[in-house]
Amino acid sequence: MIFNASHCWFCGKPLGKDPNNLIIFDFIEFLDPAPPEFERVGDTVVHASCLSLWDRRDEFIEVWNRALKEYFAGKQLYVDAAGNVRYTPASKWLISPSKRVQERQENAMRLHKADLEAQRKALEERMNQARQHAVSIGLADTANVDKILRDLSAEAFSKEFGRFQISRAYFKKS
Ligand SMILES: [Zn+2]
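Worth saying up front: this structure is predicted, and the values here are computed from it rather than measured. (Residues numbered from 1 in each chain as written. Predicted model: local features only at pLDDT ≥ 70, side-chain atom pairs only at ≥ 80, totals over all residues.)

### Points about the overall build of the protein chain
Counting secondary structure elements, the protein chain contains seven helices and six strands. Along the protein chain, from the amino end to the carboxyl end, the secondary structure elements read β-α-β-α-α-β-β-β-β-α-α-α-α. For the protein chain, the residues scored as buried account for 11% of the 174 residues in total. (Helix = DSSP H or I, 4+ residues; strand = E, 2+ residues; numbered from the N terminus. Buried ≥ 20, exposed ≤ 12 C-beta atoms within 10 Å, placed from the backbone.)

### So, the nonpolar core
Grouped together as the largest cluster of nonpolar side chains are 13 residues, with contacts concentrated most on Ile23, Val46, Leu51 and Trp64. For this core, the secondary-structure elements that each account for two or more residues are α2 (48–53) and α3 (57–69). Per-element tally for this core: the top contributor is α3, with five residues. Apart from residues no more than four positions distant in its own chain, Trp64 is found in contact with Gly42 and Leu77. (Core = buried A, V, L, I, M, F, W, Y, C linked by C-beta atoms within 7 Å. Contact = placed C-beta atoms within 7 Å.)

### A short note on the environment of Lys92
When you line up the elements, Lys92 lands in the loop between β5 (85–87) and β6 (94–95). Each C-alpha atom, one on Lys92 and one on Phe72, is 9.7 Å from the other, the two residues being 20 residues apart in sequence.

### Quick look at the environment of Trp9
In this structure, Trp9 sits in the segment before β1 (22–24). Residue classification places Trp9 among the buried positions, given that 22 C-beta atoms sit within 10 Å. Trp9 sits 34 residues away from Asp43 along the chain, and the two C-alpha atoms are 9.6 Å apart. Non-local contacts of Trp9, meaning those with residues more than four positions away in its chain, are made with Arg40, Val41, Thr44 and Val46.

### Digging into helix α4 (residues 99–136)
Helix length check: α4, at 38 residues, gives a terminal C-alpha distance of 55 Å against a target of 56 Å (1.5 Å per residue), a fit within 8%. Of all the 38 residues making up α4, one are buried; the element is thus mostly uncovered. Immediately downstream of α4, the backbone of Gly138 shows phi near 80°, a positive value. (Expected span 1.5 Å × (residues − 1).)

### Let's talk about the confidence of the model for the protein chain
Per-residue confidence for the protein chain averages 85 on the pLDDT scale, and 84% of its residues sit at or above 70. Note on residues 163–169: pLDDT is under 50 here. Beyond four places in sequence and across chains, it has 10 contacts. (pLDDT = per-residue confidence, 0-100.)

### Let's talk about α3
Here α3 spans 18 Å end to end across 13 residues, near enough to the 18 Å set by a 1.5 Å rise per residue. Every buried residue of α3 is accounted for by Phe60, Val63, Trp64, Ala67 and Leu68. Seen end-on, α3 carries its buried residues on one side only, within an arc spanning 135°. Looking at α3, the residues exposed on the side facing more than 90 degrees away from the buried face are Asp58, Glu59 and Glu62. (Arc of directions from axis to C-beta.)

Structure follows, in structure tokens:
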């Protein structure tokens, strides 16, 4: 589905400029399984009036509030006396990631670091191949290979070695 950020998920009409009639969902993850349409609504901005009239409103609010609670203290959706869906006052919101969220974020960070480390290793490996290649074709010897590679322009170097697209900046750093 292509999401149109300026239109309400429920009625398809423009969201308009009345902040009191908008429900903006946070970029959070449902840590527990949620119905696909709830996940979709949670990725959007909708008219408060449309959400208020949704036949799955109460079920959605319960699931959304449970997800929200993992990230914030004091931020919840509720239905006011007139039947309109609202958020609790923003002054009460406090970012407060639960243990599950913290673990998830730490895990994502670990994976990211592992990924960076793998990329760094792959680059180093390509560098070593480039060095060996430069030596094997007689372009340099082991004593001056780094200097030779550094002195080559990135363009000439990549022309010479084809797939080794290595920037001049990298050589300057190493
Ligand atoms: Zn709407």
